[in-house]
Amino acid sequence: MANAQHFDVLIIGAGISGISMACQLIRECPGKCFSILERRNAIGGTWDLFRYPGIRSDSDMMSLGFRFRPWTGRRVLPDGPSIRDYVNETAKAAGVDKHIQFGMRILSADWSTAKGCWVVEALQEDSGEARILTCNFLVSATGYYDHDQGYLPNFPGIESYKGQCIHPQHWPESLDYRGKRVVVIGSGATAVTLLPAMANDTAHITMLQRSPSYVYSMPEVDKLATVLRRYLPDSWVYQLSRKRNILLQRTGYKFSRRFPRLTRWLLLALVRKQLGPDFDMEHFTPRYMPWDERLCAVPNGDLFRVLREGKASVVTDHIECFTESGILLKSGRELEADIVVTATGLRLQALGGMKLSIDGIEQAVNQRMTYKGVLVQDIPNFAYLFGYTNIAWTLKVDMAAGFACRVLNEMSRRKLSIVTPRAPTGEIQAESVFGSLQAGYVQRGGAFLPRQGRSGPWRVLNHFELDQVMYRRPVDDSGLEWSREV
């Protein structure tokens, strides 16, 4: 401990959430000494990890971008490298990049009541050196995905398959799929991205799905923003476009939850218009209602285009087993494949796998609630940043990081060094912070995440307008316990 680096604030993760937190910390809490600990050797988080063909955002960039830095690109759903560059440029413009320590795997964080600080144990992965750091306030900006491995079902006979089997989370840079027969297992955002990205180079590519998702087309380029940039500053255009997009998305979401059957009919009618009257709509007719799971957006209907052209196809069936040359389906049909891509989803993991404890006693975040979706019940000086599931991730993260900065400033104003959320008895509920979302990764991994509260600041609403009001309120109510003079 004597040689441990000490900081006012330590941020774990240099993805969108960590960079947002750091940028706002510099602006709102200029006297705070901080560092970002990042396991990878680059900024970007998810957008540096995933490298599969065509990787792109499934949220429009006007709302996914930071509220404090305009997105000036033309594409509405930009590709992964463009988003990675944007996050890098944001970090460099704010001077955040100088505060990042790369290659640091966080093993544990223990709150010392006696010392009134966090003791963080890390491993410098390239050298194997153990590192100890301390801080007054700890922020986890790791999201809730396991970056080491994605979700892979137990496919019978997969060991007998002679072709290549790849998960998109670990895409080989040298993979050559030109002229190959490819089967993509899955129906989510990754699968609908891979088909049009690979279709022009493969002999044929098939999306094999157990059940369909809702897919809709949106313009690739924001034409109105392009015109406005000729006459207005980029920051004005960004804010105007951002407000418009958020309004449209929120209106659409609320409409779909109030009128699910009508929304379903409209979405399916748009798909039929894209694919033509002869296409079997079974492949795009989900069993659930819109927004029970996230919708998949495709730019300029690129998925529908490759299906119309016959370069790609969709099969809705269940897998019986893998064979030497492909996949045998329950229907008895066999799909031959040189390459199988298992776009079967992600695994959830709280806090990036870090062990959290207080005075050596491990604390399970999945048995605690969050205060305003940021601080964690009964954990001193700790924030856990995560975004929305029904609109762009960053909208929530930006507000959550801003709230964390306000908490830090309130501690300074009070001349107190510890803040701990304390919940009323009987507040905790069984459901996770994901609420009613029914996506597969939620069903598999929701148990690892914090719980919902019954009401008030302990309930995560995933409601942008109500959250805006909540985060503007004074940082002072009965849910927070302030202690220990500086």
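Scope of this entry: the structure provided in the associated data block. (Residues numbered from 1 in each chain as written. Predicted model: local features only at pLDDT ≥ 70, side-chain atom pairs only at ≥ 80, totals over all residues. Heavy atoms only, no water.)

Re the sheet that holds strand S13 (residues 319-322)
Inference 1: Spatial ordering of the open sheet is given by S13-S14-S15, a layout of 3 strands whose pairing is antiparallel. Unpaired on one side and paired on the other, S13 and strand S15 (334-336) mark the two borders of the sheet. Ignoring strand direction, the axes of neighbouring strands in this sheet form an average angle of 20°.
Inference 2: The sheet contact formed by strand S14 (residues 326-329) and S15 spans 3 bridges and is antiparallel. Paired with Ile327 across the two strands is Leu335, which belongs to S15. (Pairing = 2+ DSSP bridges. Helix = DSSP H or I, 4+ residues; strand = E, 2+ residues; numbered from the N terminus. Axes fitted to C-alpha atoms, helices over the stretch in contact; angles between N-to-C directions.)

With respect to the packing of helix H7 (residues 234-258) against helix H8 (residues 260-275)
Inference 1: Between H7 and H8, the least distance of the axes is 5 Å, while the angle of their chain directions is 115°. Residues Phe255, Ser256, Arg257 and Arg258 of H7 lie in contact with H8, whose contacting residues are Pro260, Leu262, Thr263 and Leu266.
Inference 2: Taken together, the residues of the contact of H7 with H8 sort by class into 4 nonpolar, 2 polar and 2 charged. (Contact = heavy atoms within 4.5 Å. Nonpolar A, V, L, I, M, F, W, Y, C, P; charged D, E, K, R; others polar.)

Thoughts on empty space enclosed by the protein
Inference 1: Scanning the model with the defined rule gives 2 cavities of 30 Å³ or more in all.
Inference 2: One number sums up the size of the largest cavity: a volume of about 70 Å³.
Inference 3: Met62, Arg74, Arg75, Val76 and Asp222 are the residues nearest the centre of the largest cavity, which is lined by 13 residues in total.
Inference 4: If you add up the space inside the second largest cavity, you get close to 40 Å³.
Inference 5: In terms of lining residues, the second largest cavity is bounded by Lys372, Gly373, Lys396, Arg459, Val460, Leu461, Asp467 and Met470.
Inference 6: Across the lining of the second largest cavity, the residue classes tally to 3 nonpolar, 1 polar and 4 charged. (1 Å grid on protein atoms, 1.4 Å probe; cavity = no way out; pocket = protein on both sides within 12 Å on 5 of 7 lines; lining within 4 Å. Points joined across faces, edges and corners; volume = space filled by probe spheres on them.)

Some words on the nonpolar core
Inference 1: Counting 136 residues, the largest nonpolar core has Ile11, Ile19, Trp118, Leu138, Phe284 and Phe382 as the members making the most contacts within it.
Inference 2: At 12 residues, the largest contribution of residues to this core is made by helix H10 (residues 393-414).
Inference 3: Excluding anything up to four places from it in sequence, Ile11 contacts Gly18, Met21, Ala22, Leu25, Phe34, Ser35, Ile36, Leu37, Val139 and Ala141.
Inference 4: Listed in part, the 13 residues of the second largest apolar core include Phe155, Ile185, Leu335 and Ala337. (Core = buried A, V, L, I, M, F, W, Y, C linked by side-chain atoms within 4.5 Å. Buried < 20%, exposed > 50% of the residue type's maximum accessible area, 1.4 Å probe, protein only.)

Structural notes on the sheet that holds strand S12 (residues 312-316)
Inference 1: With parallel pairing, 5 strands are arranged side by side in an open sheet as S7-S16-S8-S9-S12. Each edge of the sheet is formed by a strand with only one pairing partner; in this case those strands are strand S7 (164-166) and S12. Ignoring which end each strand starts from, the neighbouring axes of this sheet average 20° apart.
Inference 2: Pairing of S7 with strand S16 (residues 339-342) involves 3 bridges; the strand directions are parallel. For Ile166, the partnering residue across the bridge sits in S16 and is Val341.
Inference 3: Across the face of the sheet, helix H5 (residues 189-198) comes into contact with strand S8 (181-185), strand S9 (204-209), S12 and S16 while running at roughly 170° to S9.

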